[in-house]
Amino acid sequence: MAFKVNDGERGGWSVLLVSGELDLMTSPVLRQRVHDVVAEGRHSLVVDLSEVLFCDSSGIGVLIAARRLIRSCQGRLRLILPAEGAVDGSHVNRVLGALGVRRLFDVYPDVMTATEDDAEDEADPLSA
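In this text, all values refer to a predicted model and were calculated from it rather than measured experimentally.

Trainee: Can you help me understand the overall build of the chain in this one?
Mentor: When helices and strands are counted, the chain shows four helices and five strands. Secondary structure elements in the chain, listed N-terminal to C-terminal, are β-β-α-β-α-β-α-β-α. Scored against the burial criterion, the 128 residues of the chain give a buried share of 43%. Across the chain, contacts joining residues at least 24 apart in sequence account for 67% of those joining residues at least 6 apart. When the accessible surface of the chain is split by element, carbon and sulfur atoms take 50% of a total near 6,700 Å².

Trainee: Would you take a moment to explain the sheet that holds strand S5 (residues 106-108) for this structure?
Mentor: Backbone-to-backbone hydrogen bonds join strands into a sheet, with any given pair of strands oriented parallel or antiparallel. Here five strands make up an open sheet; going across it, the order is S1-S2-S3-S4-S5 and the pairing mixed. Both edges of this open sheet fall to strand S1 (4-10) and S5, since each of them pairs with a single strand only. Across the sheet, the axes of successive neighbouring strands diverge by a mean angle of 25°, strand direction being ignored. Relative to strand S3 (residues 44-55), strand S2 (residues 13-22) runs parallel, the two sharing eight bridges.

Trainee: Would you mind showing me how to read the environment of Leu-96 here?
Mentor: Structurally, the position occupied by Leu-96 is in helix H3 (residues 91-99). Not counting residues within four places of it along the chain, the set of residues in contact with Leu-96 comprises Ile-60, Leu-79, Leu-81, Val-101, Arg-102 and Phe-105.

Trainee: What exactly am I supposed to notice about the pattern of salt bridges here?
Mentor: Close approach of charged atoms allows side chains of opposite charge to pair. One pass over the structure, following the stated rule, counts three salt bridges. One salt bridge connects Arg-42 with Glu-40, and the closest N-O pair in it is separated by 2.2 Å. For Arg-42, a relative accessible area of 21% corresponds to the partly exposed category. By relative accessible area, Glu-40 is classed as exposed at 53%. What emerges from the salt-bridge pattern is a single network uniting Glu-9, Glu-40 and Arg-42.

Trainee: Where do I start with the environment of Ser-27 in this structure?
Mentor: Of note, Ser-27 is situated in helix H1 (residues 27-39). Residues Ser-27 and Val-62 lie 35 residues apart in sequence; the distance between their C-alpha atoms is 6.6 Å. Not counting residues within four places of it along the chain, the set of residues in contact with Ser-27 comprises Leu-22, Ser-58, Gly-59 and Val-62.

Rules of the game
Residues numbered from 1 in each chain as written. Predicted model: local features only at pLDDT ≥ 70, side-chain atom pairs only at ≥ 80, totals over all residues. Heavy atoms only, no water. Helix = DSSP H or I, 4+ residues; strand = E, 2+ residues; numbered from the N terminus. Buried < 20%, exposed > 50% of the residue type's maximum accessible area, 1.4 Å probe, protein only. Contact = heavy atoms within 4.5 Å. Areas by Shrake-Rupley, 256 points an atom, 1.4 Å probe, with all protein chains shown as cover. Pairing = 2+ DSSP bridges. Axes fitted to C-alpha atoms, helices over the stretch in contact; angles between N-to-C directions. Salt bridge = Lys/Arg side-chain N within 4 Å of Asp/Glu carboxyl O.

Okay, structure coming up:
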């Protein structure tokens, strides 16, 4: 599967749908797309990683940098990491957990849930 980042909007949120393998070769593409969104003045961002089949530390680095950038703009970043994915759950979710950084992110199972107005008040739906 080729790496792609498609963008859209939902309920005042910018949504980046990432698919393929997020690694050393492809992570700069996601980094640039996040920077483009912020440069356009959009500071509420959902990164949908439900179609990411593999993620290495450089991909995690991009997510952490995106969090830092969005927070510096007083924005909001939410990740889509479904409990069930390509094989046995979200690979990105497992990597974030293994590295001990999953707690840094607001995680939701799908775009609809992440972009609801009251989603900010909910506990992390995947941690239950």
